[in-house]
Amino acid sequence: MKRIIFSVLFLFACCSSFSQTAPPSDLVTIEQSFKKLDVLGTVLYVAAHPDDENTRLLAYLAQEKHYRTGYLSLTRGDGGQNLIGNEQGEQLGLIRTQELLAARRMDGAEQFFSRANDFGFSKGPGETLKIWDKEKVLSDVVWVIRKFRPDVIICRFPTTGEGGHGHHTASAILAQEAFTAAADPNRFPEQLKYVQVWQAKRLLWNTFNFGSVNTTSPDQFKLDVGVYNPIIGKGYGEIAAESRSNHKTQGFGSAKQRGEAVEYFKTILGDAPKTDLMDGVNTTWGRVGAEDISTDLLKIRRDFDIDHPDKSVPALVNLLGKVEKVKDDYWRAQKIKELSELIAACAGLWTESYTDEPIYAVGDQISVRNQFLLRYNIDVQLTNVQYSYYDKTNPINIVGVFSYIDAPHYILNKSINVLQSFDSKFQAGAITQPYWLVNPHAVGTYDVDYLTDINSTAPRSLPESIPYSAQLTFKILGIEIQFNRPIRYKHVDPARGELYEPLVIAPPVTANINDKDYIFNSSKPQNVEVKLKSFTNANGSISIKPVDGWKISPDKIDFVDKKKGEEWSVNFNVEPTDSKSKTSIFQALVNVNGKEYSMGIKTIAYNHIPIITYFPPAQANLINVDLKTAGKKIGYIAGAGDMVPDALRQVGYDVHMLTESEIMNSDLSVYDAIITGVRAFNVDERIPFEQPKLMEYVKNGGNLVVQYNNNVGVLVPQIGPYPFRPVNQRVTDETAKVTFLEPENPVLNYPNKINDADFDGWIQERGLYFVSDIDPKYNTPLEMNDPGEQPNKGSLILTNYGKGRFVYTSLDFFRELPAGVPGAYRLFVNLLSKPKQ
């Protein structure tokens, strides 16, 4: 008999890319696995973003109640701000995806996503659902429900708006509609080729008490989730803090809470619970007519010997035979996976598959080492090894290595506690691009339609693309069981020790354009440098896709005999053919062996998550704009992380990143302007000591430009020379009309004459954390508002102070400049340019 365990969801839940490829097999894990094996219940938590989830509740449900527990975050948090680096948009979404997976490794839940893109703050669900394309995202929620089959669904937010963010409210609306739609065969019937309709027992709202908003009440259903787990040695408030502290890009390091912690729930749909969350749901083996399995499992647990887990293996293998006869497909598959890993843990069978190189080119041979170790004298043989990878054109490719091994070397119990290996190669067949970034996408949703009609193993709704995997089949006490292990790159860091990172399959040659934006304000040509890297031995050429209104030369540059790992640069001369203001795409095309690629390579590395490698389009913006500049030398004080310095260098400014010593001890008058990065007054603990020097710089004739700060956690009593206060107000409509209240103000005229067209093409929003309680000494030259709201003057304030000028702006230049918005460049240059008195 051959029992195969292959589940993408289980793979992601148990084998993190930041740990060894084999699941843990310690006694705590074994005991928790025994308990989970005896529970047949499922809970799905639904919200909008990374960090919305209740990690304490998730940990309690997964590790105390042992339900299969999942968190569906509709977005990947792409539209937020980054407190630890300068990644934004898609890159921030990639980081936050990994932060969520790191959190799930702590609390024990599984992670899912929809195709919705976090397009930024939204003030209402109507706007959100329109931008998201409601039916598409609803279909994703229904898909997750039908595939995960939760008995209970829990929302973080209500449909009535107390969550404050339009995304939050929209997540509740979608969950409520999906609760019913998932059970309706007429809704999204194309899914029924792969999944069945599913009706959850109830939909609950996990009410909350956040700040001034308290939605809990004594008559609501309650759970104390602050209990202590003596097996783990922690309470769930402690585990929750460890989980939540992985959200580092959001600054959510959390203190560990101990003791009672009551969660409140309001029933939205279905039967209300009275005594237990699972009231009316049979979570025992009786649910599938297999009460005897529970009886057998109880006996195995009672007989378990902590000094000899291997003594339980015969009984567990026998139990596996009974589990396989269960008629319920869902629970049979789920429990076979759990039980098979428990058998391996008790048998002392450890196996992993890894490469000794981090990156291979598509089409090249991947060298894989499969290692296995048997710690106890159990009859175990390795009988088969296969490799698999996911390809959007041919969903699961199985690459056979060998079909059967009868050599004594692979009879593991002849070499107890001796590490053995099997080395082999197979061809890399698909680039490891995150599946939601394969195609260009709209503002509101990622394009994952190509996954819809593939098969049930498509990565739709999963946190990551399905990794290259090894499928190793072992015969344990005469029964064949297959285990899947993601193939990782394994290496040793001198400081951090043994590390596992994702295996990367790259295009043969990547092309990284040196800058994201190229600003032209005359007909003068510019040199565009493209950095190429070969991941295999390659011959080919690079050219630039023709662009109307631009002259690009040369037409093509050949390369020959490039070796794996070789890097080189080529240069193209670019000049506008007319003086019209325009933004165009500069796209590099690399031809290798008759096949065209247009991909760069980007690596993101932080210690709390695995290294992220993806392949963005090999593109840059060519921006022809009527732009005048004044001044040359800029001092920049880093904040929470942004790309404004690079944008300013592109237009010719000499930008110097100021240190504390330079601020306190050097002559700041050499700078035509000094800029503080976003949230500098929130995150720079030295800013209170530096601020007097900055005010002195202004008073003596300098020009200080302060970018937005969060209203919570401002580190100084007063940011500017006169009072004002950042507040949680913003204009989220990036097309909102901007009114010039002071059209003659120098900031709107020097050196660029600002007009309505300069606010065209902005992305995501106009600005955030506007200011209020503005002292009359400040000028407020701009006014704007979202539809249905009062005009707001808090986006830009400035005042003369001594001989200089102080500027505070909540306009989101940190997004607009990297996006190449011409008008944003013109206005920001004006902020830096103080007319001579």
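None of these values were measured; they are calculated from a predicted model. (Residues numbered from 1 in each chain as written. Predicted model: local features only at pLDDT ≥ 70, side-chain atom pairs only at ≥ 80, totals over all residues. Heavy atoms only, no water.)

Undergrad: Looking at this structure, I do not really get the environment of Thr676. What am I missing?
TA: Examined against the element boundaries, Thr676 turns out to sit in strand 38 (residues 673-676). What makes Thr676 buried here is its relative accessible area of 0%. Sequence separation between Thr676 and Asp775 is 99 residues; the distance between their C-alpha atoms is 21 Å. Setting aside residues up to four positions removed in sequence, Thr676 forms contacts with Ile637, Phe681, Leu704, Val705, Val706 and Gln707. (Helix = DSSP H or I, 4+ residues; strand = E, 2+ residues; numbered from the N terminus. Buried < 20%, exposed > 50% of the residue type's maximum accessible area, 1.4 Å probe, protein only. Contact = heavy atoms within 4.5 Å.)

Undergrad: Explanation requested: the pattern of salt bridges in the structure shown.
TA: A side chain of one charge can pair with a side chain of the opposite charge if their charged atoms are brought near each other. Following the criterion strictly, the structure yields 41 salt bridges and no others. Close ionic contact of Glu352 with Lys490 constitutes a salt bridge, the shortest N to O distance being 2.8 Å. Taken together, the residues Glu352 in strand 13 (residues 349-355) and Lys490 in strand 21 (residues 488-493) connect sequence positions 138 residues apart. The class of Glu352 is buried, set by a relative accessible area of 0%. Overlapping salt bridges bring together Glu53, Arg104 and Asp107 as one network. (Salt bridge = Lys/Arg side-chain N within 4 Å of Asp/Glu carboxyl O.)

Undergrad: What should I look at first to understand the packing of helix 3 (residues 55-64) against helix 8 (residues 236-244) in this one?
TA: In a pair of packed helices, the angle between the axes and the distance between the axes together describe the arrangement. Helix 8 packs onto helix 3 with a crossing angle of 120° between their chain directions and a minimal axis gap of 8 Å. Taken together, the axes of helix 3 and helix 8 lie oblique to each other. Every pair of crossing elements has a handedness; the one defined by helix 3 and helix 8 is right-handed. Here helix 3 contributes Thr55, Arg56, Ala59, Tyr60, Gln63 and Glu64 to the contact with helix 8, which in turn contributes Tyr236, Gly237, Ile239, Ala240, Ser243 and Arg244. In terms of residue class, the contact of helix 3 with helix 8 is made up of five nonpolar, four polar and three charged. (Axes fitted to C-alpha atoms, helices over the stretch in contact; angles between N-to-C directions. Parallel < 35°, antiparallel > 145°, perpendicular 65-115°, else oblique. Left-handed = near helix turned anticlockwise from the far one by under 90°. Nonpolar A, V, L, I, M, F, W, Y, C, P; charged D, E, K, R; others polar.)

Undergrad: Looking at this structure, how should I read unusual backbone geometry?
TA: Comment: phi is negative for the bulk of residues other than glycine, and the bulk of peptide bonds are trans. Look at the link from Ser553 to Pro554: it is a cis peptide, with omega at 0°. Of note, Pro554 is situated in the loop between strand 28 (550-553) and strand 29 (556-562). The omega angle of the peptide bond from Tyr750 to Pro751 is -5°, so this bond is cis rather than trans. Along the chain, Pro751 falls in the loop between strand 41 (738-740) and strand 42 (771-772). At Ser461, a residue that is not glycine, the phi angle is positive and equals roughly 80°.

Undergrad: Is there a simple way to think about the sheet that holds strand 39 (residues 703-707) in this case?
TA: Paired through backbone hydrogen bonds, the strands of a sheet run either parallel or antiparallel to each other. The six strands lie next to each other as 37-36-38-39-45-44, forming an open sheet whose pairing is mixed. Single-partner strands in this sheet number two, and they are strand 37 (654-657) and strand 44 (796-801). Neighbour-to-neighbour, the strand axes of this sheet turn through a mean angle of 20°, independent of strand direction. Bridge count for strand 36 (residues 633-637) against strand 38 is four bridges, and the pairing is parallel. (Pairing = 2+ DSSP bridges.)

Undergrad: Teacher, can you tell me more about the packing of aromatic side chains here?
TA: If you walk through the whole model with that rule in mind, you get 30 aromatic pairs. When the ring of Phe372 is compared with that of Phe474, the centres are 6.2 Å apart and the planes differ by 75°; the resulting orientation is edge-to-face. Remark: Phe474 occurs in strand 19 (residues 469-476) and Phe372 occurs in strand 15 (residues 365-374); sequence separation between them is 102 residues. The pair formed by Phe372 and Phe474 is uniform in burial state, with each residue classed as buried. Measuring from ring centre to ring centre gives 5.9 Å for Tyr708 and Tyr769, while their planes differ by 5°; the resulting arrangement is stacked. Taken as a pair, Tyr708 in the loop between strand 39 and strand 40 (725-726) and Tyr769 in the loop between strand 41 and strand 42 lie far apart in primary sequence, 61 residues in all. Given a relative accessible area of 1%, Tyr708 falls into the buried group. In textbook terms, an aromatic cluster arises when at least three aromatic residues are bridged by ring pairs, as seen for Tyr722, Phe724, Tyr778, Tyr801, Phe806 and Tyr808. Seen from the ring of Tyr354, Lys490 lies directly overhead, with NZ or CZ sitting 4.5 Å from the centre. Against the face of Phe121 rests Arg730, its NZ or CZ located 4.3 Å from the ring centre. (Phe/Tyr/Trp six-rings, centres within 6.5 Å; stacked < 30°, edge-to-face > 60°. Lys NZ or Arg CZ within 6 Å of the ring centre and 35° of its normal.)

Undergrad: Where do I start with the environment of Pro358 in this structure?
TA: Along the chain, the position of Pro358 falls in the loop between strand 13 and strand 14 (359-361). Pro358 sits in the partly exposed class, given a relative accessible area of 36%. Separated by 231 residues in sequence, Pro358 and Leu589 place their C-alpha atoms 25 Å apart. Sequence-distant contacts of Pro358, that is, excluding residues within four places in its chain, are made with Tyr489, Pro502, Leu503 and Val504.

Undergrad: I'm lost on helix 9 (residues 291-303) in this one. Help?
TA: Two residues of an α-helix separated by three or four positions point the same way, owing to the 3.6 residues in each turn. For helix 9, with 13 residues, the first-to-last C-alpha span of 19 Å sits near the 18 Å given by 1.5 Å per residue. Those residues of helix 9 that sit buried are Ile293, Leu297 and Ile300. The buried side chains of helix 9 occupy one side of the element, clustering within an arc of 60° when seen end-on. Opposite the buried face of helix 9, at more than 90 degrees from it, the exposed residues are Thr295, Lys299 and Arg302. Buried residues in helix 9 make contact with helix 2 (27-37) and helix 10 (313-323). (Expected span 1.5 Å × (residues − 1). Arc of directions from axis to C-beta.)

Undergrad: I'm lost on the pairing of strand 5 (residues 152-155) in this one. Help?
TA: Looking along a regular strand, one sees side chains alternate from face to face of the sheet. Side chains of strand 5 alternate between two faces, with Val152 and Ile154 and Ile153 and Cys155 buried alike. Sheet analysis places strand 2 (residues 42-47) next to strand 5, joined by four bridges and oriented parallel. The residue bridging Val46 from the neighbouring strand is Cys155, located in strand 5. Two elements, strand 5 and strand 6 (residues 202-207), share four bridges in a ladder whose sense is parallel. Across the sheet, the residue bridging to Ile153 is Leu203, located in strand 6. Of the crossover connections in this fold, the one passing from strand 5 over helix 7 (residues 166-181) to the parallel strand 6 is right-handed. (Right-handed = clockwise from strand over helix to strand, strands pointing away.)

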